[in-house]
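Working through the structure, step by step
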Amino acid sequence: MASDAKTLLAVTCAGLLTVGVRSQEPAPPLYRLTIDARAPTRPFPHFWEQVFGSGRAALSLRESYRNDLRAMRAATAIRYVRFHAIFQDENGVYDMDSAGRAVYNWSYVDQIYDGLLHNGVRPFVELSFMPRKLAASLQPHPFWYAPLPSPPKDYGRWEELIYNLATHLVDRYGIAEVSEWYFEVWNEPNIDFWTGEPKQATYFELYDHAARAIKRASPRLRVGGPATAQAAWIDAMIAHCVQGNVPLDFVSTHVYGNDSAEDVFHSNENIPRSDMVARAVRKVYDEVKNSHRPEIPIYWSEYNASYKNEIDVTDAAFVGPWLANTIRLCDGLTSIMSYWTFSDVFEEQGVVKTPFYGGYGLIAEGGVPKASFEAFRMLHRLGERRLQPDLSDALVTKRMDGTLVIAVWNYAPPGEDGAARRVQISVNGLPGTARFHVEIVDPRHGSALAAWRAMGSPAFPTQRQYEQLRAAASATLKLNTSTFTLPAHGLALVEAGR
């Protein structure tokens, strides 16, 4: 008890916790975690932090977007950014002259990709949506910026658009650079982002022309798809490309934690949000392993805990335990998972009206990091090797210098007040006495959402309030101890070494 009181006193003096101890409250249940530092390890690639989604292509020209991107670069291992609508008419890519010949303009495309490269990341190129003068239908998608999910009037002209884009990029940046990029054909053609009928057959026609155009520009360029929603079409995509000898360097698809079992598995199960993404990842992994291309890379080019605007999900500390658990379950089943999105510089539902509205981004409007950003920043520090993979509420890793790095969490469904737990970590097999450093993000620490609500949830915070929100976001709880209390929705990153 004396140790607990000292810890609480230190936290209170730091101004991070203002509630007192109620001695009559029962102690939280104890969770003992025993680590064997000599246990066998296996590689643990950081597949969850290599690629991130973002708002549409044109938004990358904004300084607020690029500021958020630089914050991501400082906190994670981000290497690629994926966004929609590089062919949106606002980018001026495609026109026709008086004789009906295609006219290409790469001015904004160059500025968009230059901006990514200047900030140390590469494009994960999504080839979408249809330029107005090439679209068979001008009926827009409901997104605020009105993209056209239409097939082309002429698939030959679509192929030439892709070929000319690819050759321009190779000429501008060099084949050594562009061969490191990914080219993904379209976005979620199995739902309302594609109006070709029948959907699968017309998408395959779109893909075939695009993939052959990419390889015509250079066989070193990488192309894939189908970028479907709800983990769909992967087995059919592989079979189609094998049968037709169509280039396919990777398969890609999407899933969200609140997708339904009916949509993803065509079943009537009630799959909890904590398991949905991992279940879908296992499904696709098994489909690939049983296909004619069992070693083809699997890229989840979108995933998140929610595809809706749910404040108590994407804006809240909930994401920390959900993310850590998803990483635990998906390890070894995929090459890349791209979180949707890194920033709320985002306009699919229109201009942002308030900093916290359940936006997908890790960084809220005004450059305010969310608890999810802090979770990614902490999990970035996990080691390169994994041990004791059978644990259900922890990830145990080791760095090259021998330091053990453990993520431990207390998952509860979003918006629910779960029970706190007392975590006690012991390490066997380290020479000498282990020293512990703990960092915690939970609803009260490292989360700006509570601070915003305490302000009265202002739609348009003042500059002073934004400063306060950013300060609250950075105020994770830091301790030097092997025993600590983890509230519901809490994620702890523990470093143990000599």
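This text gives an overview of the structure that appears in the document. Because the structure is a prediction, the values reported are computed rather than measured. (Residues numbered from 1 in each chain as written. Predicted model: local features only at pLDDT ≥ 70, side-chain atom pairs only at ≥ 80, totals over all residues. Heavy atoms only, no water.)

**A closer look at the overall build of the chain**
When its secondary structure is counted, the chain shows 14 helices and 22 strands. Radius of gyration (C-alpha) of the chain: 24 Å, near the 23 Å computed for a compact globule of 498 residues. Along the first, second and third principal axes, the C-alpha set of the chain runs to 85 × 50 × 45 Å. Counting every position in the chain, which comprises 498 residues, the buried fraction comes to 58%. For the chain, contacts bridging at least 24 residues in sequence account for 74% of all contacts bridging at least 6. Here the chain has roughly 20,100 Å² of accessible surface; of this, 50% comes from carbon and sulfur atoms. Of the charged side chains in the chain, 50 are positive and 55 negative; the average position of the first set lies 6 Å away from that of the second. (Helix = DSSP H or I, 4+ residues; strand = E, 2+ residues; numbered from the N terminus. Rg over C-alpha atoms; globule rule 2.2 N^0.38 Å. Buried < 20%, exposed > 50% of the residue type's maximum accessible area, 1.4 Å probe, protein only. Contact = heavy atoms within 4.5 Å. Areas by Shrake-Rupley, 256 points an atom, 1.4 Å probe, with all protein chains shown as cover. Lys, Arg positive; Asp, Glu negative; His and termini not counted. Charge placed at Lys NZ, Arg CZ, Asp CG, Glu CD.)

**As for the side chain of Lys215**
Topologically, Lys215 is positioned in helix H6 (residues 199-217). Side-chain polar atoms of Lys215 contact the backbone oxygen of Pro219, separated by 3.2 Å. Those residues in contact with Lys215 that lie beyond four places of it in its chain are Leu221, Val223, Pro247 and Asp249. (Polar contact = N/O pair within 3.5 Å; in protein donor to acceptor, adjacent residues only side chain to side chain.)

**A short note on H6**
Compared with an ideal rise of 1.5 Å per residue, which puts 19 residues at 27 Å, H6 spans 27 Å between its outermost C-alpha atoms and is within 8% of the ideal. Within H6 the residues assigned to the buried category are Thr202, Tyr203, Phe204, Leu206, Tyr207, Asp208, Ala210, Ala211, Ala213, Ile214 and Lys215. (Expected span 1.5 Å × (residues − 1).)

**Considering the pattern of salt bridges**
Counted under the stated rule, the structure contains 35 salt bridges. Two residues, Lys370 and Asp315, come together in a salt bridge whose shortest N-O distance is 2.6 Å. With Lys370 in the loop between strand S14 (368-369) and helix H12 (371-379) and Asp315 in the loop between helix H10 (311-314) and helix H11 (319-330), this pair connects stretches of sequence that are 55 residues apart. Take Lys370: its relative accessible area is 1%, and that puts it in the buried class. A relative accessible area of 1% places Asp315 in the buried class. Between Asp344 and Lys370 there is a salt bridge whose closest N-O contact spans 2.8 Å. Placement of Asp344 in the loop between strand S12 (336-339) and strand S13 (363-364) and of Lys370 in the loop between S14 and H12 is noted, with a sequence separation of 26 residues between them. Of the two residues examined, Asp344 and Lys370, each falls in the buried class. (Salt bridge = Lys/Arg side-chain N within 4 Å of Asp/Glu carboxyl O.)

**Quick look at the pairing of strand S21 (residues 483-486)**
Of the two faces of S21, only one is covered, namely that formed by Phe484 and Leu486; the face formed by Thr483 and Thr485 stays uncovered. Bridge count for strand S18 (residues 421-428) against S21 is four bridges, and the pairing is antiparallel. When the bridges of S21 are listed, Arg421 appears paired with Leu486. (Pairing = 2+ DSSP bridges.)

**Description of the packing of aromatic side chains**
Across all of its chains, the model carries 36 aromatic pairs by this definition. Centre to centre, the rings of Tyr182 and Tyr299 are 5.1 Å apart; their planes meet at 80 degrees, and the pair counts as edge-to-face. Here Tyr182 is found in strand S8 (residues 182-185), whereas its partner Tyr299 is found in strand S11 (residues 298-304), with 117 residues between them in sequence. Residue Tyr299 is classed as buried on the basis of its relative accessible area of 7%. Centroid distance Tyr203 to Tyr207: 6.3 Å. Interplanar angle 40 degrees. Geometry classified as tilted. Of this pair, Tyr203 and Tyr207 both sit in helix H6, four residues apart, which is roughly one turn of the helix. Overall, Tyr203 belongs to the buried group, its relative accessible area being 0%. Judged by its relative accessible area of 0%, Tyr207 falls in the buried class. Through a chain of ring-to-ring contacts, the aromatic side chains of Phe87, Phe129, Phe143, Tyr145, Trp158, Trp186, Phe193 and Trp194 assemble into a single cluster. (Phe/Tyr/Trp six-rings, centres within 6.5 Å; stacked < 30°, edge-to-face > 60°.)

**Describing the sheet that holds S18**
Pairing in this open sheet of three strands is mixed, and the strands run S1-S18-S21 from one edge to the other. Looking along the sheet, the strands with just one partner apiece sit at the ends: strand S1 (30-36) and S21. Sheet twist, expressed as the mean angle between neighbouring strand axes with direction ignored, is 25 degrees. (Axes fitted to C-alpha atoms, helices over the stretch in contact; angles between N-to-C directions.)

**Quick look at the packing of helix H7 (residues 234-244) against helix H9 (residues 273-289)**
Running from N to C, H7 and H9 point in directions that differ by 25 degrees, and their axes come no closer than 9 Å. Between H7 and H9, the crossing angle belongs to the class labelled roughly parallel. As for how H7 packs across H9, the hand of that crossing is right-handed. Contacts between H7 and H9 pair Ile234, Asp235 and Ile238 from the former with Val284, Glu287 and Val288 from the latter. Of the residues belonging to the contact of H7 with H9, the class tally is four nonpolar, no polar and two charged. (Parallel < 35°, antiparallel > 145°, perpendicular 65-115°, else oblique. Left-handed = near helix turned anticlockwise from the far one by under 90°. Nonpolar A, V, L, I, M, F, W, Y, C, P; charged D, E, K, R; others polar.)

**Quick word on the side chain of Arg422**
Turning to its location among the elements, Arg422 is positioned in strand S18. Classification of Arg422 by relative accessible area gives buried; the value is 16%. A polar contact of 2.7 Å, which involves the side chain of Arg422, links it to the side chain of Thr485.

**So, the environment of Glu177**
Its place among the elements puts Glu177 in helix H5 (residues 175-178). Distance from Glu177 to Arg122, taken between C-alpha atoms, is 9.0 Å for residues 55 residues apart in sequence. Not counting chain neighbours up to four residues away, the residues in contact with Glu177 comprise Leu117 and Arg122.

**Description of the sheet that holds strand S16 (residues 394-398)**
With antiparallel pairing, seven strands are arranged side by side in an open sheet as S2-S15-S16-S17-S22-S19-S20. Both edges of this open sheet fall to strand S2 (42-43) and strand S20 (477-479), since each of them pairs with a single strand only. When S16 meets strand S17 (residues 404-410), the two strands line up antiparallel, connected through five bridges. Bridge pairing in S17 links Ala394 to Val408. Relative to S17, H11 is tilted by about 120 degrees, and along the sheet it contacts strand S15 (385-387), S16, S17 and strand S22 (490-497).

Function cannot be inferred from these measures alone, as they are strictly geometric.
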